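Chain residues, written in single-letter form:
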Amino acid sequence: MKQQSRRVAVVVAAAIVMLGSLVTGAARASAGPVPVPKCTDDHSLTYCIAYLAKQEYSNADGHKYEKPLGTNCNYFTTAAWHAPETTNKGCSGTYWSEEWCMDFSRWVYKTEGASVKAISHLAYSAKDYATYKTYASGRRPKVGDLAVWATESHVGIVVAVSGSSATVVSGNSYNPSRGDYTAIYSKSYPASTFQGFAAPKSA
């Protein structure tokens, strides 16, 4: 239902924008883009995926870090796969322990209404996603993509693209305060860093 309302809203919004352009003419053409503060049903699936990934990276008091640090105990594995009452032994609260970069990406996709078919908890399962294509084939990063690293078993979400570089938010990633891999991290990489990319499909 969320995806259907989003598609209808996008069509209506496009019509309004077109009408506004006709009315305001050249003045409208010279105006700069208006910042969008949050994801709503007016926005595309890819926009909302990127927005949520960035929000989780910025939310230091939320689910950004493993608890306890260094244990792989994390919120996203629980949210993506396990019922809250099935706490994994050794984790605090309702967290579950496993390598969680794909669990984070899967949670973001699922939360925003994207298909998670063929995605397991393994990073390289992104290669089984219906839209996956390799960098070598000419595919380049787009906002909302799953980005699969070329030289390690790791995956994240593309939140911005600039020239030949992509900013990717990934879970089970670098924690600058500890120098280890216990947090959600955001960084810009050359597109060639990645083996390939998969664009989200609506569920």
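Residues numbered from 1 in each chain as written. Predicted model: local features only at pLDDT ≥ 70, side-chain atom pairs only at ≥ 80, totals over all residues. Heavy atoms only, no water.

**Student:** What's the story with the pattern of salt bridges in this structure? I'm lost.
**Tutor:** Should the charged atoms of two oppositely charged side chains come close, the side chains can pair. Applying the stated rule across the entire model yields two salt bridges. Ionic pairing is found between aspartate 145 and arginine 139, a salt bridge with its closest N-O pair at 2.8 Å. For aspartate 145, a relative accessible area of 0% gives the class buried. The partner of arginine 178 in a salt bridge is aspartate 180, with the nearest N and O atoms 2.7 Å apart. Note on arginine 178: relative accessible area 43%, which makes it partly exposed. For aspartate 180, a relative accessible area of 18% puts it in the buried group. (Salt bridge = Lys/Arg side-chain N within 4 Å of Asp/Glu carboxyl O. Buried < 20%, exposed > 50% of the residue type's maximum accessible area, 1.4 Å probe, protein only.)

**Student:** Any chance you could explain the packing of aromatic side chains here in plain terms?
**Tutor:** Both the distance between ring centres and the angle between the ring planes are used here to describe each pair of aromatic rings. For the structure shown, the criterion picks out 14 aromatic pairs. An angle of 85 degrees between the planes, with centres 5.1 Å apart, marks the rings of phenylalanine 76 and phenylalanine 104 as edge-to-face. A residue pair is termed long-range when its members are at least 10 positions apart, and phenylalanine 76 in helix H4 (residues 75-81) and phenylalanine 104 in helix H5 (residues 101-111) qualify at 28 residues. Given a relative accessible area of 0%, phenylalanine 76 falls into the buried group. (Phe/Tyr/Trp six-rings, centres within 6.5 Å; stacked < 30°, edge-to-face > 60°. Helix = DSSP H or I, 4+ residues; strand = E, 2+ residues; numbered from the N terminus.)

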